[in-house]
Amino acid sequence: MAVTGGSDLSSEMEVDAFRRLFPLRFHERHLLESIRPDGRSLGKARDTTIALGAVTSANGSALTKIGCTTMLAAVKLEVMTPTQESPDEGCIAVDFHMPPICSPAVRPGRPSEVAPVVAKQLSDVILSSGMINLKDLSLVSGKAAWMAYLDIYCLDADGSLFDAALLSAVAAFSHLQIPVVSLSDEGRIVLVPEGNGGGKFEKEPVNKEKRKLKLCTLPFSLTCALHKNYILADPTSEEESIMETQLTVVLDSSGLLVSLNKPGGSVFAHTSVIQDCVALARQRLKEVKLILNEAISDMDVD
Amino acid sequence: MEEKRGDGRNANQLRPLACTRGILNRSHGSASWIQGETKVLAAVYGPKAGTKKNENPEKACIEVIWKPKTGQTGKPERECEMILKKTLQSICLLTVHPNTTTSIIIQVVQDDGALLPCAINAACAALVDAGIPLKHLAVAICCCLSESGRVLLDPNKLEEQSMKGFVYLVFPNSVLSALPEGSSQLGGPPVQHGIITSVTHGRMSVDDYLLCVERGRAATEKLSVFLRRSLQTQIPGDNSKAGS
């Protein structure tokens with residue numbers, strides 16, 4: 001009934017009521033005009049902001065927003081003994097949290113279904129993109145290396161969670177400052193207190209200065225929602241709930257494909273859809289890189 | 001002309017396949033799927049009344065439980081559950097049994113590479129065995145990309161770890177339509193050219209990815225024929241499930 005009488009109903013009904021009762025028709029009428037309910041064109045992502053150093057107790061942190069989706073990422077470094085198999089490599093542990101604050105779908109006491117999946121995908125992407133050379137995290141070969149705990153908290157889940165989480169992770173790592181440590185007489189790693197002018201401290205620091213982690217190629221991602229022949233970049237949670245097909249493209253700054261993830265959804269017949277999504281992701285990569293570089297240079301000025 | 005792989009196969013050769021249906025007595029449908037040394041057992045229970053919370057009661061709900069060979073269910077298993085669930089959702093006719101839940105339990109018996117595709121194939125066979133209404137079957141394959149840019153199909157664990165990247169792809173199988181020739185063409189290009197699921201690991205160029213898709217698609221023809229044959233052979237003698 002909605003299909004036949006829908007166009008008439010839409011003129012009789014209030015817009016909000018129509019949106020709630022016939023969400024698919026509401027969106028499809030927008031798509032016909034090549035515009036989305038929030039005023040964006042189909043291929044455009046939402047406004048993105050990055051604030052570095054949001055958590056002072058962490059070694060590196062970032063607060064990112066893509067539209068309303070908000071992620072807080074923090075990296076903490078701890079000294080660990082490297083494994084036998086890789087004596088001169090550090091380690092990265094990624095965790096993604098979705099507290100009940102972020103979305104009505106998450107109930108207190110019951111962990112979200114999506115969170116472990118996003119965490120696994122994030123850790124796969126970060127490790128396989130070669131962004132961080134794990135050898136850079138080594139302190140004393142075979143004896144000590146950095147263990148980087150990356151924790152990402154989703155504060156507001158309004159679609160494209162993976163994109164926002166990856167961006168906050170990349171931003172937190174680019175803000176990371178490695179603390180200065182030295183080797184004590186007992187062979188243990190101790191922190192060199194900050195503001196200590198070399199003379200008082202007799203031990204030579206293991207890592208000479210407060211170092212920045214060298215990041216090679218940065219991965220950036222774009223999620224697209226597919227509906228019929230339309231490709232919607234950076235969908236909101238409302239759009240995600242209506243259009244069941246999602247495709248996430250992760251590209252690194254050299255243009256290589258790090259991940260192309262399409263879990264289920266409808267079957268699309270043309271491989272050109274993939275190429276269109278990759279092209280959108282390329283465009284998005286340039287935008288996000290610019291925003292990140294701006295955030296970093298703002299940080300350096302302060 | 002081409003160098004052989006570690007186990008003597010050439011690049012496009014799959015490992016020996018085996019599929020047995022109805023191996024579990026209590027489940028509504030079950031299947032084991034073997035690709036070389038990788039073996040997965042799938043059982044289907046349902047449709048049971050009611051859906052889980054946060055699911056649409058106007059459609060059937062699919063629940064996937066992934067049991068690893070040893071140890072507890074962790075993040076990798078959760079990811080597999082999610083991918084499998086979304087994949088099966090897209091091949092099942094969810095509107096036939098609204099407000100029901102169908103559980104698919106996957107037990108990994110042996111993992112020697114290409115585990116997720118193997119599990120998808122097993123789940124698909126088990127769903128057919130349970131008589132759950134499906135739009136079409138799905139066939140899954142793993143393509144591996146070597147440093148030199150060669151595509152190897154259906155890798156074992158050793159190859160999977162040593163390669164620069166791999167891609168899991170799920171395609172719809174070629175439909176044998178009962179409709180007269182040409183009528184199925186109305187909806188645009190044939191459905192079997194599409195991709196249901198794609199998961200990649202490791203860095204590769206976009207062209208390499210598309211090459212994997214092409215080679216994977218060609219190989220699923222064989223898989224598709226095998227799946228259809230193994231589903232057909234058991235039908236004549238399969239009276240036990242007919243009434244239930």
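In this text the structure is predicted, and so the values were computed from the model without any measurement.

A. Representation of the overall build of chain B. Across its full length, chain B holds four helices and nine strands. Taken from the N to the C terminus, the helices and strands of chain B come in the order β-β-β-β-α-β-α-β-β-α-β-β-α. Of all 244 residues assigned to chain B, the portion counted as buried reaches 50%. Of all intrachain contacts in chain B linking residues separated by at least 6 positions in sequence, the fraction that spans at least 24 positions is 71%. Accessible surface, chain B as shown: approximately 11,300 Å² in total, 52% of it carbon and sulfur.

B. Structural view of helix H7 (residues 272–301) of chain A. When the terminal C-alpha atoms of H7 of chain A are compared, their 44 Å separation across 30 residues agrees well with the 44 Å that a helix rising 1.5 Å per residue should span. Looking only at H7 of chain A, the buried set comprises Val273, Ile274, Cys277, Val278, Leu280, Ala281, Arg284, Leu285, Val288, Leu292 and Ala295 of chain A.

C. Structural detail: unusual backbone geometry. The amide bond that connects Gly46 of chain B to the next residue, Pro47 of chain B, takes the cis arrangement and shows omega of 0 degrees. Along the chain, Pro47 of chain B turns up in strand S3 (residues 38–49). Although it is not a glycine, Lys228 of chain A adopts a positive phi angle of roughly 50 degrees. With respect to the element layout, Lys228 of chain A can be found in the loop between strand S11 (219–227) and strand S12 (230–233). Positive phi, normally seen in glycine, also occurs at Asn99 of chain B, with a value near 55 degrees. With respect to the secondary-structure elements, Asn99 of chain B resides in the loop between helix H1 (75–91) and strand S5 (100–110). You can call Asn99 of chain B partly exposed: its relative accessible area is 38%.

D. Expanded view of the interface of chain A and chain B. Each side of the interface is counted separately: chain A has 36 residues, and chain B has 35 residues. Counting the surface lost from both chain A and chain B, the interface buries some 2,800 Å², and carbon and sulfur atoms represent 60% of this. When the buried area of chain A at its contact with chain B is split by residue, Lys120, Leu257 and Val267 of chain A rank highest and sum to 19% of it. Taken together, the connections running from chain A to chain B amount to four salt bridges.

E. Up close: the nonpolar core. Counting 143 residues, the largest nonpolar core has Phe96 and Phe173 of chain A together with Tyr209 of chain B as its most contacted members. Non-local contacts of Phe173 of chain A, meaning those with residues more than four positions away in its chain, are made with Val75, Ile92, Met131, Ile132, Ala148, Leu150, Leu213 and Leu215 of chain A. Judged by nonpolar contacts, the second largest core, of six residues, contains Leu31, Ala225, Leu232 and Ile242 of chain A.

F. Main features of the sheet that holds S12 of chain A. All names here are of chain A. If you trace the four strands from one edge of the open sheet to the other, you get S12-S11-S13-S14, paired in antiparallel fashion. In the strand order of this sheet, the two ends are held by S12 and strand S14 (257–261), each with one partner. Here the strands of the sheet are splayed against their neighbours by 20 degrees on average, with no regard to which way each runs. With four bridges connecting them, S11 and S12 associate as antiparallel partners. Residue pairing across strands places Ala225 opposite Leu232, the latter belonging to S12.

What counts, and where the lines are drawn
Residues numbered from 1 in each chain as written. Chains lettered and ligands numbered in written order. Predicted model: local features only at pLDDT ≥ 70, side-chain atom pairs only at ≥ 80, totals over all residues. Heavy atoms only, no water. Helix = DSSP H or I, 4+ residues; strand = E, 2+ residues; numbered from the N terminus. Buried < 20%, exposed > 50% of the residue type's maximum accessible area, 1.4 Å probe, protein only. Contact = heavy atoms within 4.5 Å. Areas by Shrake-Rupley, 256 points an atom, 1.4 Å probe, with all protein chains shown as cover. Expected span 1.5 Å × (residues − 1). Buried area = accessible area lost by both parts, 1.4 Å probe. Salt bridge = Lys/Arg side-chain N within 4 Å of Asp/Glu carboxyl O. Core = buried A, V, L, I, M, F, W, Y, C linked by side-chain atoms within 4.5 Å. Pairing = 2+ DSSP bridges. Axes fitted to C-alpha atoms, helices over the stretch in contact; angles between N-to-C directions.

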